[in-house]
Amino acid sequence: MIRSVPSRQHDIADDLRRQITTGRISPGERLPSEAALASQHKVSTVTLRRALAVLQTEGLIEKVQGKGNFVRHPVRKIVYVGGWGTLDPRTAAESALRVTVRSTTVQAHGHLTTLLKAPAGSPLAEFSCTSFEGESPHGLARIYIPRDLAPAGLLDNASADRDPITRFAVLTLPPAAAQETVCARPPTPEEASTLRIASTAPVLAITRIATAPTGRVVEAALLAFPGDRIDAVFTTHHVLDERQTQG
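Cut-offs and rules
Residues numbered from 1 in each chain as written. Predicted model: local features only at pLDDT ≥ 70, side-chain atom pairs only at ≥ 80, totals over all residues. Heavy atoms only, no water. Helix = DSSP H or I, 4+ residues; strand = E, 2+ residues; numbered from the N terminus. Buried < 20%, exposed > 50% of the residue type's maximum accessible area, 1.4 Å probe, protein only. Contact = heavy atoms within 4.5 Å. Areas by Shrake-Rupley, 256 points an atom, 1.4 Å probe, with all protein chains shown as cover. Pairing = 2+ DSSP bridges. Core = buried A, V, L, I, M, F, W, Y, C linked by side-chain atoms within 4.5 Å.

Q: Teacher, can you tell me more about the overall build of the chain here?
A: Looking only at helices and strands, the chain has seven helices and 12 strands in total. For the chain, the proportion of its 247 residues judged to be buried stands at 43%. Taking the contacts inside the chain whose residues are at least 6 apart along the sequence as the reference set, 64% of them involve residues at least 24 apart. Of the roughly 13700 Å² that the chain leaves accessible, carbon and sulfur atoms contribute 54%.

Here it is, written out as structure tokens:
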């Protein structure tokens, strides 16, 4: 009896999943090359890659460009505290997060002019942040602020590491107000590659707009986290009508 391609694909995924969950292949260990696995299971590399994609979607393995496929360490969730980009210090400390920051100067264009209410062509500081747990990427952010508000010493650095990470924000003082839009969606090709997740795995996407007391937009942040690695907490403070408190 000849097994169909989907059946072979599931057989391979089941075999590798069993080896991972029983500890035969340890967290952090590199899998054999795709060519070797395809030969071992007597399938094409296309079928083998489809089986690996199943395990990648399940969060069991991650593909590191140019290095191969690795068994992921158990997922640890970080708590994102809404309002100012803070990562809960307890969960961040438990996971030993670090963040890499790259910065440059760009011109406002397209959606950035709308988010920051900035004239087209005006200078903006762009900060590209990626957080890591060990060697595995945990989240990423693109943060834009008006060029004149860029903190001294951070702008136009090729690369800088911060340890430990406390928040995905660049400004040192909290804004007067922050509006965050949250949605779950598939990752962009760049996000899938950077976060080492499958193109079908959901990400939690957060767009944060921060304003000063004057009403000026001082920051626009675009954040993305793999859906299985983050919880988001938002607290609402209700303002009572003064007439309800009198009498």
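Still to come is the rest of the account.
Q: How should the sheet that holds strand E3 (residues 78–81) be read in this particular structure?
A: Pairing is mixed in the open sheet, where three strands are placed in the order E4-E3-E12. Of all strands in the sheet, those bounded by a partner on one side alone are strand E4 (86–87) and strand E12 (230–233). With two bridges joining them, E3 and E4 adopt antiparallel strand pairing. Bridging from a neighbouring strand, Tyr-80 pairs with Leu-87 of E4.

Q: How do you make sense of the nonpolar core when you look at a structure like this?
A: Nonpolar side chains tend to gather and get buried jointly when the protein is soluble and globular. One finds Phe-127, Cys-129, Ile-143 and Leu-223 to be the most contacted residues of the largest nonpolar core, which totals 26 residues. In terms of residue count, the dominant contributor to this core is strand E11 (residues 217–226) (four residues). In this structure, Leu-223 is in contact with Tyr-80, Leu-140, Ala-141, Phe-168, Leu-204, Ala-205, Ile-206 and Arg-208, ignoring residues within four places of it in sequence. Within the second largest apolar cluster, 15 residues are counted, among which are Ile-20, Leu-52, Leu-55 and Val-71.

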